[in-house]
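# Fold and contact review
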Amino acid sequence: VGARGVLMGGYQSYPSIVSQIDFLTISTLGNTQDFGDMNSGAGAGSIVSSRIRAIHGGGQIPSNVNSIEFITFSSTGNGTNFGDLLKLNQTMATGASQTRGIFAGGKSNPSPANLIEDTIQYITMASEGDSVDFGNLTVARSHCDPGGSSSTRAVFAGGSNSPNSPYYTNVMDFVTISSTGNATDFGDIAGYEDPAHVNTIRFITIATTGDAQDFGDLNQDEVYSAGMCSPTRGVFAGGSDPTVSNVIDFITIQTTGDALDFGDI
């Protein structure tokens, strides 16, 4: 079917949550199309994917949930139950290979409220079941940048290390997806500029370690955008600036430069 990206659930306007699943074809330009509906719509959830499945974990409706559900890219339809996360987490960082999906950190409820987590957990993509403990982040945090991963490594960048935002960290750490264990320091990402929103795009080379470098700029200053990619394009969809946005931008991963318009949600 080509390289599909999906948007699963989210906030239409806080605290109004949608259960809709949209999809787009990353190699083309255009607006999203309807895919189906989530089994249980949630905001602030996290998604991992293989070439076969997209798997959504956690979030809030409005209380935090630990449910995991999946869709199959080649078809359209509603989400199907996969299992449960170890904890009631939202705003987790993610990474994946074709075999495993990684969920890292996040904010848990309700005991204690808004606890910032350092837990890393994983699932096996091809099967259903509950997540399993992987290890711990170097710094407990939530609201990390959308996770970046190769087939070997998952990298978790920045985030909030306090339940009382704004208080942010510039730490990047990584894990080797095929193993288990604690994360290792990767380098630093430039600090967040809260309360101002920024349109900066930065990049890393996943096979090495080191600090993030400038790539270009987004078309809008947004927070909470969804990220998806093929081997050649990165796509950033939606977000808040501060009103909810339907804009989709894209970049060509192998070059540097500003984002271009893709279409609309």
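Provided above is the structure to which this section pertains.
Treat the numbers as computed from the prediction; the structure is a model and nothing was measured. (Residues numbered from 1 in each chain as written. Predicted model: local features only at pLDDT ≥ 70, side-chain atom pairs only at ≥ 80, totals over all residues. Heavy atoms only, no water.)

### Overview of a negative patch on the surface
- On the surface, a cluster of negative charge is contributed by Asp214, Asp217, Asp221 and Asp258.
- Its location among the elements puts Asp221 in the loop between strand S22 (213-217) and strand S23 (226-229). (Patch = residues over 30% accessible without salt bridge, like charges linked within 9 Å, V, L, I, M, F, W, Y side chains within 5 Å. Areas by Shrake-Rupley, 256 points an atom, 1.4 Å probe, with all protein chains shown as cover. Salt bridge = Lys/Arg side-chain N within 4 Å of Asp/Glu carboxyl O. Lys, Arg positive; Asp, Glu negative; His and termini not counted. Charge placed at Lys NZ, Arg CZ, Asp CG, Glu CD. Helix = DSSP H or I, 4+ residues; strand = E, 2+ residues; numbered from the N terminus.)

### Description of the pattern of salt bridges
- If you walk through the whole model with that rule in mind, you get three salt bridges.
- For the salt bridge of Glu128 with Arg53, the shortest nitrogen-to-oxygen distance reads 2.6 Å. On the criterion of sequence distance, the pair formed by Glu128 in the loop between strand S15 (119-124) and strand S16 (132-136) and Arg53 in strand S7 (residues 53-57) is long-range, its members being 75 residues apart.
- The class of Arg53 is buried, set by a relative accessible area of 13%.
- A salt bridge links Arg141 to Asp173; the shortest N-O distance between them is 2.8 Å. Separated by 32 residues along the polypeptide, Arg141 in the loop between S16 and strand S17 (148-149) and Asp173 in strand S19 (residues 171-176) bring together distant segments of the chain. This pair shows no difference in class: Arg141 is buried, exactly as Asp173 is. (Buried < 20%, exposed > 50% of the residue type's maximum accessible area, 1.4 Å probe, protein only.)

### A look at the pairing of strand S24 (residues 233-237)
- Buried residues dominate S24, accounting for four of its five residues.
- Where S24 meets strand S25 (residues 247-252), five bridges bridge the pair, whose relative direction is antiparallel. In the sheet register, Gly234 faces S25, and the bridge partner there is Ile251. (Pairing = 2+ DSSP bridges.)

### Comments concerning the side chain of Ser108
- With respect to the secondary-structure elements, Ser108 resides in strand S13 (residues 107-108).
- Given a relative accessible area of 5%, Ser108 falls into the buried group.
- In this structure the side chain of Ser108 is engaged in a polar contact, spanning 2.9 Å, whose partner is the side chain of Glu117. (Polar contact = N/O pair within 3.5 Å; in protein donor to acceptor, adjacent residues only side chain to side chain.)

### A word on the sheet that holds S17
- Read from one edge of the open sheet, four strands run S17-S18-S19-S20, paired in antiparallel fashion. Looking along the sheet, the strands with just one partner apiece sit at the ends: S17 and strand S20 (184-188).
- As judged from the five bridges shared by strand S18 (residues 153-157) and S19, these two strands associate in the antiparallel manner. Of the residues in S19, the one forming a bridge with Arg153 is Thr176.

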